[in-house]
Each structure stands twice: as structure tokens, then as C-alpha cells.
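Commentary on secondary and tertiary structure
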Amino acid sequence: MSVIEVENLTQDYLTGFWRKRSVRALDSLSLQIASGEVFGLLGPNGAGKTTTFKILLGLIRPTTGSAWILGSAIDDVAMRRRIGYLPEQPYFYDYLTAREFLLYCGALCDLPKTEAAERADKLLHQVGLADSADKQLRKFSKGMLQRVGLAQALIHDPEVLFLDEPMSGLDPLGRREVRDFVVGLRAQGKTIFFSSHILADVEAMCDRVAILNKGRLIESGKLSEILKAHSNELEVVVSGVTEPALAEIRSLALSISASPDNARIRLKDDRDLARMLELTHAAGGRIVSVNPVRESLEDLFVREVKGS
Ligand SMILES: Nc1ncnc2c1ncn2[C@@H]1O[C@H](COP(=O)(O)OP(=O)(O)O)[C@@H](O)[C@H]1O
Ligand SMILES: [Mg+2]
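A brief report on the enclosed structure follows. (Residues numbered from 1 in each chain as written. Chains lettered and ligands numbered in written order. Predicted model: local features only at pLDDT ≥ 70, side-chain atom pairs only at ≥ 80, totals over all residues.)

Notes on the packing of helix H3 (residues 98–108) against helix H5 (residues 142–153)
Running from N to C, H3 and H5 point in directions that differ by 30°, and their axes come no closer than 9 Å. By the angle between their directions, the pair H3 and H5 is classed as roughly parallel. Here H3 and H5 pass one another in a crossing that is right-handed. Facing Ala98, Phe101, Leu102 and Cys105 of H3, the residues of H5 in contact are Val148, Ala151 and Gln152. Residue composition of the contact of H3 with H5, by class: 6 nonpolar, 1 polar and no charged. (Axes fitted to C-alpha atoms, helices over the stretch in contact; angles between N-to-C directions. Helix = DSSP H or I, 4+ residues; strand = E, 2+ residues; numbered from the N terminus. Parallel < 35°, antiparallel > 145°, perpendicular 65-115°, else oblique. Left-handed = near helix turned anticlockwise from the far one by under 90°. Contact = placed C-beta atoms within 7 Å. Nonpolar A, V, L, I, M, F, W, Y, C, P; charged D, E, K, R; others polar.)

Some points on the environment of Leu185
Examined against the element boundaries, Leu185 turns out to sit in helix H6 (residues 172–187). Taking the C-alpha atoms as reference points, Leu185 and Gly36, 149 residues apart in sequence, are found 9.4 Å from one another. With residues near it in sequence (within four places) discarded, Leu185 still touches Leu161, Lys190 and Ile192.

Topic: the site of ligand 1
Contacts to ligand 1 come from Tyr13, Thr15, Val23, Ala25, Gly43, Asn45, Gly46, Ala47, Gly48, Lys49, Thr50 and Thr51. Among the elements of the structure, strand S1 (2–15), strand S2 (21–34) and helix H1 (49–56) are those that each provide at least two residues to the shell around ligand 1. (Near = placed C-beta within 6 Å.)

What to know about the sheet that holds strand S6 (residues 83–86)
If you walk across this open sheet you meet the 6 strands as S6-S7-S8-S3-S9-S10, and the pairing is mixed. Each having just a single partner strand, S6 and strand S10 (216–221) make up the two edges of the open sheet. For this sheet the average axis-to-axis angle between neighbouring strands, irrespective of direction, equals 15°. Where strand S3 (residues 38–42) and strand S8 (residues 191–196) come together, 5 bridges link them in parallel fashion. (Pairing = 2+ DSSP bridges.)

Written out as C-alpha cells, the structure reads:
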């Protein structure tokens, strides 16, 4: 059974001074997300990701269409207690400490005080903020605040989590931490629906993705199936190969980009691979990696948007 079921959601926003102009932010979106899935909603800025979350969280009413979470309609109050939400731009009370903020969030969802305190402690530990629990939030870095946001979304131990761009604005270390944290939540059996405009973030942790562009679903499924293999091309990275050997490799390659440390060689298919490895070894070089060339998200957009 689907934990999140979205059927034909359409959202028109009225804009302009007289609110007469209508902008379609979401156009007949349908999705199903199964229990225990980590599902990524991927799309460029303005694609309609936040709008989708706002509808599912009951913050705005869709123009048309319906959605169900855990089998209940989205305005069902009992269901709301079983879901957690990290907004794209969470609001924090600067002068509360991390612990006070979590206790406050616990109180908002009617958690008994002792239970909230226990959960807050456990979560602060899990998100790596145990040492900063009693520091005021105004002294937190962006990455630390994001982790407080995650803890906040989990204070009532929800079954389903909505994370709107949980990695935006984070440095590589921060992204990594959030990613590992989400992977840990998946292991606990939570269903996670999150959005991002960055392919790499989605790639690392999703079971399935949906790709939105201008409010329309352009693809959904496993990322490996969506991003077409670029014919049979391979990218071989080698190091320690000097110019004379590179010249010979060049004749096999579709293209080469060389830096002082290594060379990236693109081959049409694996037929030239054996010869390439031979040349590399003969020149005293080393193979760093061999990978099929995959389409990037950018390529996919160009293909889909131009095609439609
Ligand atoms: N409150 C609003 N009023 C008018 N237009 C809006 C409003 N919120 C979003 N939009 C428009 O709807 C589209 C989708 O926005 P959004 O859901 O925020 O996209 P994303 O989160 O993918 O960046 C954009 O064109 C945006 O400008
Ligand atoms: Mg957004």
C-alpha cells in the first residue's frame, strides 16, 4: 500500500496587484510512494517542489486534485501527528537553545514533557549536536541549524518525513552528514519524501525519484533507469601516463582531458578497453577508474524539455 498517494494535483497561484493573473505552479501531478521508501523529488528552481510539499502538509489547498498520507486525507489531524516536516526555510527562535527549541516543538505536538526531553536528548545526539545542546541557536552555523531542523522534524517520532531541500546551502561535509542521517532513518523503516535540485544528493540515497519541470512530472522511477546510459561510452581515468603514451591512447579515444595528475579518456565502447589498459600499463601508468558515461541531470532536462 502507498504511504503517500498524490492524484492529479494542480495548483494555480493568483498573482499581480489585483490577483488576477494565474500562474500554474503544479500541473496534474500524480505519485505513489511506498512504505519505507526514500523518494526524491527532483527539479530546478520554480519546478513546483515546495508547492507539492505545502499541499501535502495542508499549508495550502490545491486548486484541484487530492492526496492521501497513511491512508488519510491530507486535512486529517490524527494523521498529521504521524508525519514530520523540515521546511525549505525553517524559522528558528534565535534566543532559544537547541534543547529548548526541541522541547518547544515537542510541546507543540502535545508530547508529554519527560518524553519530549528524552527524545530531544536522543535526537541532539543523533544529529551530532549533543555538545551544543545548550547553546543559543543564533550562534549556530547554517549546517548546525539544518541539523536542528531535522531533529525538530523527528521530535514526535513520525513515520513519514517531508524534507524540503534538506541539503541546500550546506558545505560538502554538511551534505554528507545529512545524507548519512537520512540513510540511517531509512534503516529505521521511515518513509522519506524529500526534494532537491541537485542530482548528486538524490543519487546517493534515493530508491526512486520523480523529476518535475515547470509543474509537470517529466519522469519517475529508479534514477539508474531514468538517466539513460550514453550509448555504450566509457570514461577511463588513468594516472602516471606521460605524453608519448597518451598520444597513442588519443588515437583510440573519443576525447581526452588531461591534468597534471591524471587523464580522463572517453571510449566509444569496451572494444578499445583492453588495448587502452595495455598502453597504460606499458607506459607505467595506473588505472584509477572505468565507468559507463551516464547522462547528467542537466542533459536529461535538455533532452526532456526540448523533446516536449
Ligand atoms: N505564493 C505564491 N504566489 C505566486 N506564485 C508562487 C507562490 N509560490 C510559488 N509560486 C510560483 O510557483 C512556481 C513553483 O514554485 P515552488 O513550488 O516554490 O518551486 P520549487 O520549490 O521547485 O523551487 C514558481 O514559478 C513560483 O514562482
Ligand atoms: Mg522550493
